[in-house]
Amino acid sequence: FRVLITDVYGRRCAVTGEKALPVLQAAHIRPVTKAGPHRVDNGLLLRSDIHTLFDQGYVTVTPKHRFLVSPRLKRDFDNGEPYYPLSGKRIWLPGRDEDRPSREFLEWHADTVYRG
């Protein structure tokens, strides 16, 4: 899964464009533990800090491929300044449609995990 996601995202974070491989992680949109498949359309390549925030629901990606940061990040931690300027921006997507994040998985994350 990690190799596939890293390759289809061109070795760059979908949100920030970061290319330093040691900090990039393949994230499941819907985790395997929650019936998410090991498929490319259920993955995003994210910088490690963004991956953690994604898994904890402080950020999400909309079905229209926009990155969103929850107001809860500021409220819960009195922080988050580096992330708010990224909110609303379109993420970088793989070239092939079949490699892009599935609308179904993005909606699941937004409805189930995101603390919006």
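Refer to the structure printed above.
Cut-offs and rules
Residues numbered from 1 in each chain as written. Predicted model: local features only at pLDDT ≥ 70, side-chain atom pairs only at ≥ 80, totals over all residues. Heavy atoms only, no water. Phe/Tyr/Trp six-rings, centres within 6.5 Å; stacked < 30°, edge-to-face > 60°. Helix = DSSP H or I, 4+ residues; strand = E, 2+ residues; numbered from the N terminus. Lys NZ or Arg CZ within 6 Å of the ring centre and 35° of its normal. Contact = heavy atoms within 4.5 Å. Buried < 20%, exposed > 50% of the residue type's maximum accessible area, 1.4 Å probe, protein only.

Novice: Where do I start with the packing of aromatic side chains in this structure?
Specialist: The description of an aromatic ring pair rests on the distance of the ring centres and on the angle between the ring planes. All told, the structure shown has 2 aromatic pairs when counted by the stated rule. Ring centres of tyrosine 9 and tryptophan 92 lie 6.2 Å apart, and the angle between their planes is 55 degrees; on these two criteria the pair is classed as tilted. Separated by 83 residues along the polypeptide, tyrosine 9 in the loop between helix H1 (2–8) and strand E1 (24–28) and tryptophan 92 in the loop between helix H3 (72–77) and helix H4 (103–112) bring together distant segments of the chain. Ring plane angle 65 degrees and centroid distance 5.4 Å describe the contact between tyrosine 58 and phenylalanine 77, whose orientation is recorded as edge-to-face. Within this pair, whereas tyrosine 58 is found in the loop between helix H2 (48–55) and strand E3 (59–61), its partner phenylalanine 77 is found in helix H3, the two being separated by 19 residues in sequence. Lying across the ring of tryptophan 92, arginine 12 places its NZ or CZ 4.9 Å from the centre.

Novice: I'm lost on the side chain of aspartate 99 in this one. Help?
Specialist: As for its placement among the helices and strands, aspartate 99 is situated in the loop between H3 and H4. Excluding anything up to four places from it in sequence, aspartate 99 contacts Val8, Tyr9, Val40, Asp41 and Pro94.

Novice: I tried to follow the environment of glycine 116 on my own but got confused; where do I start?
Specialist: Summarising the element assignment, glycine 116 is placed in the segment after H4. Its relative accessible area of 72% is what places glycine 116 among the exposed residues. In this structure the C-alpha to C-alpha distance between glycine 116 and arginine 75, which are 41 residues apart in sequence, comes to 12 Å.

Novice: Is there a simple way to explain unusual backbone geometry in this structure?
Specialist: Keep in mind that most residues, glycine aside, have a negative phi and that most peptide bonds are trans. One non-glycine residue, arginine 11, lies in the positive phi region at around 60 degrees. Position of arginine 11 among the secondary structure elements: in the loop between H1 and E1. Taking relative accessible area as the criterion, arginine 11 reaches 45% and is therefore assigned partly exposed. Residues other than glycine seldom take positive phi values, yet histidine 65 does so here, at roughly 65 degrees.

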